[in-house]
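# Chain and residue survey
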Amino acid sequence: MSLLISKKLNLLIILSIVAPSIVVADVNKTVIDNIFHMDQKYRADMPKSRLKWLIRATNLDHKRIYSKSHLDLLPVKKGGKQWHCFAQALYFEARGERIKGQFAVAEVILNRMDSKDFPNSICGVVNQGGLRRHKCQFSYMCDGQYEIVRDRQAFNLAGKIAKIMMRGAPRELTTGATFYHSANVSPRWSKEFRKTASIGRHYFYTVVENEIAE
């Protein structure tokens, strides 16, 4: 963004604080139009090579989150209770998946947290159903085995993915899925829901007509 555009934006912010009615009546009609016009002209006058570089730079982090080589360079992440529930779920549910497969499972957990049909916290989502056989929502919770992290490297990767998703990374892999299952099983509810994605060894689904499987 050019210095001139930056100054215009600063002026808009000041006016919106001092005289909001003026902003609504006049500034929105003139200044904002001028800002967009100048921005378009600035881009049009920019050499194509420079414009391509800027596009790559602004999209860099978004694309690199799915790169294991990039994730390996990030420092090991730690967090509180919600982060730990998240990282543990990704480790036990998806550590054998490729990076996108792990991010996809993370999306399901957060999509559930945002849905009125599920608990409103990460730990609540992960622990729903408790340890009861066939009642837990995530199989590792009720498979009769102790949750022991034996692969610290895989857990560190899961922790990084958990932190990235908790910080608001885009959820673009599963199209709002709130259910998933392994490709080697075929639960009854999978015939009632709409499949949204197939990533690695998991199939992802969204609820049809807001019905939750029993």
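See above for the structure.
Residues numbered from 1 in each chain as written. Predicted model: local features only at pLDDT ≥ 70, side-chain atom pairs only at ≥ 80, totals over all residues. Heavy atoms only, no water.

## Details of the packing of aromatic side chains
On inspection of all chains with the given rule, the structure shows twelve aromatic pairs. Taking 5.1 Å as the distance between ring centres and 90° as the angle between the ring planes, the aromatic pair formed by Tyr66 and Phe103 counts as edge-to-face. Here Phe103 lies in helix H7 (residues 99–114) and Tyr66 lies in the loop between helix H4 (60–64) and helix H5 (68–73), a separation of 37 residues in the sequence. Both rings, one in Trp189 and one in Phe193, keep their centres 5.6 Å apart while their planes meet at 35°; by these two values the pair is tilted. Taking the relative accessible area as the measure of exposure, Phe193 reaches 8% and is therefore buried. Following the ring pairs from residue to residue traces out a cluster consisting of Trp83, Tyr91, Phe92, Tyr140 and Phe155. For the cation-ring pair, Arg95 lies above Tyr91, with the distance from its terminal atom to the ring centre recorded as 4.5 Å. Over the ring of Phe179 we find Arg112, and its NZ or CZ is 4.6 Å from the ring centre. (Phe/Tyr/Trp six-rings, centres within 6.5 Å; stacked < 30°, edge-to-face > 60°. Helix = DSSP H or I, 4+ residues; strand = E, 2+ residues; numbered from the N terminus. Buried < 20%, exposed > 50% of the residue type's maximum accessible area, 1.4 Å probe, protein only. Lys NZ or Arg CZ within 6 Å of the ring centre and 35° of its normal.)

## Some thoughts on the sheet that holds strand E3 (residues 202–206)
Within the open sheet, the three strands sit side by side as E1-E3-E2. Their pairing is antiparallel. With one partner strand each, in any of the chains shown, strand E1 (179–182) and strand E2 (194–199) form the two edges of the open sheet. Taken pair by pair, the neighbouring strands of this sheet meet at an average axis angle of 25°, ignoring direction. Bridge count for E2 against E3 is five bridges, and the pairing is antiparallel. Residue pairing for E3: Ser198 is matched across the bridge by Tyr203. (Pairing = 2+ DSSP bridges. Axes fitted to C-alpha atoms, helices over the stretch in contact; angles between N-to-C directions.)

## Let's talk about the pattern of salt bridges
Working definition: two side chains of opposite charge can pair if their charged atoms are close together. Under the defined criterion, the tally for this structure stands at four salt bridges. Measuring nitrogen to oxygen at the nearest pair gives 3.2 Å for the salt bridge that ties Glu97 to Arg201. Here the residue Glu97 occupies a position in the loop between helix H6 (81–94) and H7, and Arg201 occupies one in the loop between E2 and E3, the gap between them amounting to 104 residues. (Salt bridge = Lys/Arg side-chain N within 4 Å of Asp/Glu carboxyl O.)

## What about the packing of H6 against helix H9 (residues 152–166)?
Axis separation between H6 and H9 bottoms out at 8 Å; the angle between their running directions is 125°. The orientation of H6 relative to H9 falls into the category oblique. Along this stretch, H6 crosses H9, giving a crossing that reads as right-handed. Together, Gln82, Trp83, His84, Phe86, Ala87, Gln88, Leu90 and Tyr91 of H6 and Ala154, Phe155, Ala158, Gly159, Ile161, Ala162, Lys163, Met165 and Met166 of H9 make up the contact between the two elements. Considering only residue class, the contact of H6 with H9 consists of twelve nonpolar, four polar and one charged. (Parallel < 35°, antiparallel > 145°, perpendicular 65-115°, else oblique. Left-handed = near helix turned anticlockwise from the far one by under 90°. Contact = heavy atoms within 4.5 Å. Nonpolar A, V, L, I, M, F, W, Y, C, P; charged D, E, K, R; others polar.)

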